Each structure stands twice: as structure tokens, then as C-alpha cells.
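Observations on the model geometry
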Amino acid sequence: MTDRLKALTVVLQKDLRDDDAEPIIEAIKQLRGVRRVTSHVTHLDDHVAYTNAKLDLMAQIWKLLRLEEEKGL
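Quick caveat: nothing in here was measured; it's all calculated off a predicted structure. (Residues numbered from 1 in each chain as written. Predicted model: local features only at pLDDT ≥ 70, side-chain atom pairs only at ≥ 80, totals over all residues. Heavy atoms only, no water.)

1. With respect to the layout of surface pockets
Heads up, the rule is: A cavity here means a set of points on a 1 Å grid, drawn over the protein atoms and nothing else, where a 1.4 Å probe fits but cannot get out; a pocket is an open set with protein on both sides within 12 Å along at least five of seven lines, and a residue lines either one if it has an atom within 4 Å of a point. Grid points are joined across faces, edges and corners, and a volume is the space filled by probe spheres set on the points. Helix and strand definitions follow DSSP, with helices as H or I runs of at least four residues and strands as E runs of at least two, each counted in order from the N terminus. Three classes are used: nonpolar for Ala, Val, Leu, Ile, Met, Phe, Trp, Tyr, Cys and Pro, charged for Asp, Glu, Lys and Arg, and polar for all others, with Gly counted as polar.
What the largest pocket holds in volume is close to 1500 Å³. Taken together, 34 residues form the lining of the largest pocket, with Val 10, Val 37, Thr 38, Ser 39 and His 40 sitting closest to its centre. Listed by contribution, the elements that provide at least two residues to the lining of the largest pocket are helix H1 (18–29) and helix H2 (44–71). Here the element with the most residues in the lining of the largest pocket is H1; it accounts for six residues. Its residues placed into classes, the lining of the largest pocket shows 16 nonpolar, eight polar and 10 charged.

2. A short note on the pattern of salt bridges
As a reminder, the rule being used: Throughout this description, the term salt bridge denotes a Lys or Arg side-chain nitrogen within 4 Å of a carboxyl oxygen of Asp or Glu. With a 1.4 Å probe rolled over the protein chains alone, any residue whose accessible area is under 20% of its type maximum counts as buried; one over 50% counts as exposed, and the rest are partly exposed.
Applying the stated rule across the entire model yields three salt bridges. Where Arg 17 meets Asp 19, a salt bridge forms, and the shortest distance between an N and an O atom there is 2.6 Å. Residues Asp 20 and Arg 17 are paired through a salt bridge, measuring 3.8 Å at the closest nitrogen-oxygen approach. For Asp 20, a relative accessible area of 46% corresponds to the partly exposed category. Taking relative accessible area as the criterion, Arg 17 reaches 55% and is therefore assigned exposed.

As C-alpha cells, then:
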């Protein structure tokens, strides 16, 4: 038995200006079965979350590198 999908989410590689994204939006609208395409504006919260995630990942990498250095790897 297969599942039924009600929506698909497209995540862009990087933030785009709305006028630069318009051709992509129009292309998606041309696909069969697409009822509506909604864009979502980037806000400060998005930038803060991205920056926090990036800093956390960097801290984990440094911790790993220090651990390997202590073990002499």
C-alpha cells in the first residue's frame, strides 16, 4: 500500500531575490498536479537559526579535532 501526498516542499540552495525566483516558481506551476506555489520570505530569525547551527557545528568539529590531537591521531 502506498501513501498519498498532499504537498511537496522545495528548499532552495540559497536565498534568492523574489524577482530572481519568479522563473522557478512559474516553472513549478507548469507541472501537472500543482495547484498553488507559495513563497516564504527570509526573516532575521532564519539568519539567526542558520548562524547558530553553523557555530554549533564548528564547535563540534573543533572538539573532535582536539580529541583526535589528544589521542595522537
